Amino acid sequence: MGTVVSFDIDGTLEVGVPPGIITLAAVRAARGRGYVIGTCSARTLADQRRIWGRLGLSPDFTVLKHRLADVRASFTALAYYHIGDTDIDEHFAGLAGFRFLRADAASVRAWGPELLPGWPDLGTDHAGKGETR
Ligand SMILES: [Mg+2]
């Protein structure tokens, strides 16, 4: 039916503090494939929505980190992914029934092509930050 992709922000997205490996292009690619996308972060919902506004994208959801299960309940899908950079992300992903995808270069090389076929940034962006194609 569909795919839900939840993004952590800080340490995960390139617009996070610190910046992470997941580029805006990747977020757009997920949207372009029709995935249900949003953020799941310790940041306030208002702050999360501000970030989406800056990206010029409208998210399908914004939730606090411990509320990921609400997203699972809100969208019927075949696959649920949470992309994050810490063990806390992994913990809450597991509790909510999401597959955890770690946002570091080695991990992204492994799961990137599966999530977004033909997404070259994921497989080759070894440095992670500060590179644009
Ligand atoms: Mg993080």
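For the structure itself, look to the data block above.
One structure accompanies this document, and this report is about it. Everything quoted here is computed from the prediction, not taken from an experiment.

Here's the deal with the nonpolar core
Among the nonpolar cores identified, the biggest contains 29 residues, and Val-5, Ile-22, Leu-68 and Tyr-81 are the most heavily contacted of them. Only strand S1 (3-7), helix H1 (24-32), strand S2 (36-41), helix H3 (68-74), strand S4 (79-84), helix H4 (87-96) and helix H5 (105-115) provide two or more residues apiece to this core. Setting aside residues no more than four positions away along its own chain, Ile-22 makes contact with Phe-7, Thr-12, Leu-13, Glu-14, Val-27, Ile-83 and Ala-103.

A short note on the environment of Asp-70
Counting through the fold element by element, Asp-70 comes out in helix H3. In this structure Asp-70 comes out as partly exposed when scored by C-beta crowding, with 14 C-beta atoms within 10 Å. When the C-alpha positions of Asp-70 and Ala-96 are compared, they lie 8.1 Å apart, and in sequence the two are 26 residues distant.

Structural notes on H4
Burial in H4 covers these residues: Asp-89, Phe-92, Ala-93 and Ala-96. Around the axis of H4, the buried residues are gathered within 105° of arc, so they sit on the same side. Every exposed residue of H4 that faces more than 90 degrees away from the buried side is listed here: Asp-87 and Leu-95. For H4, the secondary structure elements touched by its buried residues are H3, S4 and strand S5 (99-102).

Looking at the pairing of S1
Most of S1 sits out of view: 4 of its 5 residues are buried. Taken together, the 5 bridges between S1 and S4 define a ladder with parallel strand orientation. When the sheet's bridge partners are listed, Ser-6 is paired in S4 with His-82. Note that S1 and S2 share 4 bridges and pair parallel. Bridged to Val-5 within S2 is Ile-37. Assessed by its sense of winding, the connection that carries the chain from S1 through H1 to S2 is right-handed.

About the cut-offs
- Residues numbered from 1 in each chain as written.
- Predicted model: local features only at pLDDT ≥ 70, side-chain atom pairs only at ≥ 80, totals over all residues.
- Core = buried A, V, L, I, M, F, W, Y, C linked by C-beta atoms within 7 Å.
- Buried ≥ 20, exposed ≤ 12 C-beta atoms within 10 Å, placed from the backbone.
- Helix = DSSP H or I, 4+ residues; strand = E, 2+ residues; numbered from the N terminus.
- Contact = placed C-beta atoms within 7 Å.
- Arc of directions from axis to C-beta.
- Pairing = 2+ DSSP bridges.
- Right-handed = clockwise from strand over helix to strand, strands pointing away.

Any functional reading would require information beyond the geometric quantities listed.
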